[in-house]
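Structural overview
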Amino acid sequence: MKHALSLSLLALGPPPAPPTPIRPPAQDHVVVYESPDPAKIYCYTPGIARLGGGRLVATMDRGGRGLKQGEPQGKVFTSDDRGKTWTHRADFPFLHARPFVAGDSIYVLGQARDLMVIRSDDAGKTWSPAAKLTDAESWHQSACNVHHANGCVYLVMERRVTGDIKPWAVGEMAPVLMRGKIGADLTRRENCTFASELSFRNTIPDIEKDPAIDFFGVPFFPAP
């Protein structure tokens, strides 16, 4: 019996090697921007776009109690060596920004409650003042996809439609598809088309009024 056990162990071979330690990605990373005070100034919303000539345009924004009143939240950087080095080009006074190309121009769209946008016509070297696309509204989003089709650029932002859900208003945010014709000045509201709105609170009935509703598979957010 002992011989059989020994032969069985030999047949199994040596014990397997321990698993290779997990190696985090981006070991050869480049720091585009670093907070001067990480405990008080936070970095948000990284965005990036590639221009036709290969230049990269990166955007981000900052927040936190360490930011001075009136200090611009957003920053624009460019790189001409595939991201090895970066040049700070501009600051902008809004959050949740994303850069996108439309024809010969590049834009950065975000929100300071209202939708705000800046534009560059020289590959990101200089930028226009921030322009408002809405008035007395409240928007939200982050850097995400932009789609080009039929001579237009399409993207989505979320609008708070009621303002009565506290503190986090997921239930009242309506995704709004926006469209702008490539070649038009997209810092002007009249050159942008906004689709109709439908929020979660206006789609899903109130569970308190109709407790028989089966919400299985549907994320539930407050919908007063």
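This text gives an overview of the structure that appears in the document.

Cut-offs applied
Residues numbered from 1 in each chain as written. Predicted model: local features only at pLDDT ≥ 70, side-chain atom pairs only at ≥ 80, totals over all residues. Heavy atoms only, no water. Pairing = 2+ DSSP bridges. Helix = DSSP H or I, 4+ residues; strand = E, 2+ residues; numbered from the N terminus. Axes fitted to C-alpha atoms, helices over the stretch in contact; angles between N-to-C directions. Salt bridge = Lys/Arg side-chain N within 4 Å of Asp/Glu carboxyl O. Buried < 20%, exposed > 50% of the residue type's maximum accessible area, 1.4 Å probe, protein only. Core = buried A, V, L, I, M, F, W, Y, C linked by side-chain atoms within 4.5 Å. Contact = heavy atoms within 4.5 Å.

Notes on the sheet that holds strand 2 (residues 56-63)
- The four strands are arranged 1-2-3-4 in an open sheet whose pairing can be described as antiparallel. Two strands bound the open sheet, and with one partner strand each, they are strand 1 (42-50) and strand 4 (87-92). Averaged over all pairs of adjacent strands, the angle between strand axes in this sheet comes to 20°, irrespective of strand direction.

A closer look at the pattern of salt bridges
- This structure, assessed with the given rule, holds 11 salt bridges.
- The shortest N-O distance in the salt bridge between R188 and E190 comes to 2.7 Å.
- Given a relative accessible area of 44%, R188 falls into the partly exposed group.
- If you follow the salt bridges from partner to partner, you end up with D114, K132 and D135 in one network.

Things to note about the nonpolar core
- Core analysis: the largest hydrophobic core is formed by 16 residues, its most contacted members being F100, L109, L133, M157, M178 and L186.
- At the level of secondary structure, the elements contributing two or more residues to this core comprise strand 5 (95-102), strand 6 (105-112), strand 7 (114-120), strand 11 (152-160) and strand 12 (173-181).
- In this view, L133 contacts L109, L115, V117, M178, L186, T187, R188, R189 and C192; residues no more than four positions away in its chain are not counted.
- Membership of the second largest hydrophobic core comes to 13 residues, among which are V57, V76, I106 and V108.

A look at the sheet that holds strand 8 (residues 131-132)
- The strand order 5-6-7-8 describes an open sheet built from four strands, whose pairing is antiparallel. The sheet terminates laterally at strand 5 and strand 8, the two strands that pair on one side only.
- Pairing of strand 6 with strand 7 involves seven bridges; the strand directions are antiparallel. Within strand 7, the residue paired with Q111 across the bridge is L115.

Points about the pairing of strand 3 (residues 74-79)
- Here strand 3 lies mainly inside the structure; six of its six residues are buried.
- Of the two faces of strand 3, the one holding G74, V76 and T78 and the one holding K75, F77 and S79 are both buried throughout.
- Where strand 2 and strand 3 come together, six bridges link them in antiparallel fashion. Within strand 3, the residue paired with A58 across the bridge is F77.
- With five bridges joining them, strand 3 and strand 4 adopt antiparallel strand pairing. Pairing of T78 across the sheet is with T87, part of strand 4.

Details of unusual backbone geometry
- We note that A123 has phi near 60°; this positive angle belongs to a residue other than glycine.
- Within the secondary structure, A123 sits in the loop between strand 7 and strand 8.
- On the basis of relative accessible area, A123 is assigned to the partly exposed category, the value being 33%.
- Positioned with a positive phi, A136 is a non-glycine residue whose angle comes to about 60°.
- Residue position: A136 is located in the loop between strand 8 and strand 9 (139-140).

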